[in-house]
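Per-entry structural report
These are the residues of each chain, in order.
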Amino acid sequence: MTTTNKNLFYFLLFLAMIGWGASWVNIKVLSNYLNEFETMFFRFFITAITMVPIIIFLKKSFRIDFKSFIWVFLTSITLIGYMKYFYLGTKYGTASLGGAFVTSLIPIITFLMLAILGTKKITKKDLIALSLGAIGVMTMLDIWSFNLEEVLVIQNLYFILAALLWAIVTILSSKASNISPIVFTFYLYMVICILNIFFFVDLVSIDYSSLDSIFWINMLVLSIGASTFSNTIYFLGIEKLGASEVSSFIFLVPFAAITLSGIFLNEVITPSIILGTFLTIIAVKILNNIKFQKKHK
């Protein structure tokens, strides 16, 4: 890949991370219109439809084997749980805290799960990083104020459950190695839509007249921007640049969520959220050996 193409891809990755960060703002707005399952259905249905031409353009096969479909089904159930608590935490809490707290906590929980499963081995360096991450998480929750009534609120529990479930989603989805990640994601979204229709959503009872332009703008940004565009660019980035180089862009997500929440939702961004985010990002960087500077030959 030429330098010009790389720079273009870096810019697209930057926009993709902004899209992921903006999803917290979008969900906060959409929570005024639909419940968690209705929002989930609309989001993933639109995303799945818009992914079809991309999969065709990239010449990926829609074929899926039975084993991969089982992983799709299991992952979809877990992702429904994640989306439920992601929605509820953001609705009753703040998008800034959720975007910073959940996105920075996920890699730490994933690392701990893999260590428990025996996939990763915890070294002294990892223990230091995990301790730093724990301090960062507690700082974001402002536990140092020693006001348990503010710390032990229901939205913080929702955010913790969301991070835990997404870590499980990450591990489950990694098991489907016989299928393209983009195609896997397409089937994942389709299965979620079907499960929602059967068990959680009654499309007839929705008051469509209340869905104004604000709703559709946020829904389309969430579906096409945060899901279709951001996911596609991220997967292509891994193929073209490598996972280690692309992973450093993930750290833009919490700061995008914090900044956009302050701009569009007028949320008060506390110093504890910013400091805690920095501490957890450093912890994740150490845990995953991520380097921000490229090596030059």
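All values reported here derive from a predicted model rather than from experimental measurement. (Residues numbered from 1 in each chain as written. Predicted model: local features only at pLDDT ≥ 70, side-chain atom pairs only at ≥ 80, totals over all residues. Heavy atoms only, no water.)

Looking only at helices and strands, the protein chain has 12 helices and 0 strands in total. Listed by position from the N terminus, the elements making up the protein chain come as α-α-α-α-α-α-α-α-α-α-α-α. Since a compact globule built from 297 residues should have a radius of gyration of about 19 Å, the 19 Å found for the protein chain is in line with a globular shape. Each principal axis of the C-alpha atoms in the protein chain carries an extent, and together these give about 50 × 50 × 40 Å. Looking at the protein chain as a whole, 50% of its 297 residues qualify as buried. In the protein chain, the share of contacts with a sequence separation of at least 24, taken over all contacts with a separation of at least 6, comes to 89%. Counting only carbon and sulfur atoms, one obtains 69% of the accessible surface of the protein chain, whose full area is about 15,000 Å². Computed over 20 positive and 13 negative side-chain charges, the inter-centroid distance for the protein chain is 20 Å. (Helix = DSSP H or I, 4+ residues; strand = E, 2+ residues; numbered from the N terminus. Rg over C-alpha atoms; globule rule 2.2 N^0.38 Å. Buried < 20%, exposed > 50% of the residue type's maximum accessible area, 1.4 Å probe, protein only. Contact = heavy atoms within 4.5 Å. Areas by Shrake-Rupley, 256 points an atom, 1.4 Å probe, with all protein chains shown as cover. Lys, Arg positive; Asp, Glu negative; His and termini not counted. Charge placed at Lys NZ, Arg CZ, Asp CG, Glu CD.)

Okay, the nonpolar core next. Grouped together as the largest cluster of nonpolar side chains are 79 residues, with contacts concentrated most on W24, F44, L79, Y82, F101 and V102. Take this core: its biggest share by element is 11 residues, from helix α8 (residues 181-199). Among residues more than four places away in sequence, those in contact with Y82 are W24, V102, A162, L165 and W166. Within the second largest apolar cluster, 8 residues are counted, among which are A129, L130, V284 and L287. (Core = buried A, V, L, I, M, F, W, Y, C linked by side-chain atoms within 4.5 Å.)

With that settled, consider the packing of aromatic side chains. With the rule as written, the count across this model stands at 19 aromatic pairs. Plain terms: the ring middles of F42 and F215 are 6.3 Å apart, the flat faces sit at 90° to each other, and that makes the pair edge-to-face. In this pair, F42 is assigned in helix α2 (residues 36-57) and F215 in helix α9 (residues 213-241), connecting sequence segments 173 residues apart. Looking at F42, the relative accessible area reads 11%, which means it is buried. Taken together, the aromatic side chains of Y33, F41, F42, F45, F215 and W216 make up a single cluster linked through ring pairs. (Phe/Tyr/Trp six-rings, centres within 6.5 Å; stacked < 30°, edge-to-face > 60°.)

Quick look at the packing of α2 against α8 now. Packing of α2 against α8 brings their axes to within 9 Å, and their N-to-C directions diverge by 145°. For α2 against α8, the interelement crossing comes out left-handed. Contacts from F37, M40, F41, F44, F45, T47, A48, M51, V52 and I55 of α2 reach α8 at I182, V183, T185, F186, Y189, M190, I192, C193, N196 and I197. (Axes fitted to C-alpha atoms, helices over the stretch in contact; angles between N-to-C directions. Left-handed = near helix turned anticlockwise from the far one by under 90°.)

What follows deals with the packing of α8 against α9. Closest axis-to-axis distance for the α8/α9 pair is 10 Å, and the angle between their directions is 150°. By the angle class used here, α8 and α9 are roughly antiparallel. Pair α8 / α9 crosses with right-handed handedness. Here α8 contributes P181, I182, T185 and Y189 to the contact with α9, which in turn contributes N231, T232 and F235. Of the residues in the contact of α8 with α9, the class split is 4 nonpolar, 3 polar and no charged. (Parallel < 35°, antiparallel > 145°, perpendicular 65-115°, else oblique. Nonpolar A, V, L, I, M, F, W, Y, C, P; charged D, E, K, R; others polar.)

Now for the confidence of the model for the protein chain. Reading fine detail from the predicted coordinates is not recommended where pLDDT is low. In the predicted model, the protein chain carries a mean pLDDT of 87, and 91% of its residues have values of at least 70. Mean pLDDT per element in the protein chain: helix α6 (residues 148-151) is the minimum at 65, and α2 is the maximum at 96. Per-residue pLDDT stays below 50 along residues 292-297; that stretch engages in 6 contacts with residues further than four places along the chain or on separate chains. (pLDDT = per-residue confidence, 0-100.)

Positive phi, normally seen in glycine, also occurs at K59, with a value near 60°. Of note, K59 is situated in the loop between α2 and α3 (66-92). On the basis of relative accessibility, which here comes to 76%, the residue K59 falls in the exposed class. Residue N266 is not a glycine yet carries a positive backbone phi of 55°. Mapped onto the elements of the fold, N266 is located in the loop between α11 (252-264) and α12 (271-287).

All right, on to the environment of I214 then. Within the fold, I214 resides in helix α9. Along the backbone, I214 and N26 are 188 residues apart, and their C-alpha atoms lie at a distance of 9.9 Å.

Take the pattern of salt bridges next. In this structure the tally under the stated criterion is 2 salt bridges. Among the ionic pairs, E36 bridges to K84, the shortest N-O distance being 3.1 Å. With E36 in helix α2 and K84 in helix α3, the pair connects residues that are 48 residues apart, well separated along the chain. Here K125 makes a salt bridge to D126, at a shortest N to O gap of 3.3 Å. (Salt bridge = Lys/Arg side-chain N within 4 Å of Asp/Glu carboxyl O.)

With that settled, consider a nonpolar patch on the surface. On the surface, L8, F11, F14, L15, F229 and L252 cluster together into a nonpolar patch covering about 500 Å² of accessible area. Positionally, F14 belongs in helix α1 (residues 3-30). We classify F14 as partly exposed; its relative accessible area is 38%. (Patch = residues over 30% accessible without salt bridge, like charges linked within 9 Å, V, L, I, M, F, W, Y side chains within 5 Å.)

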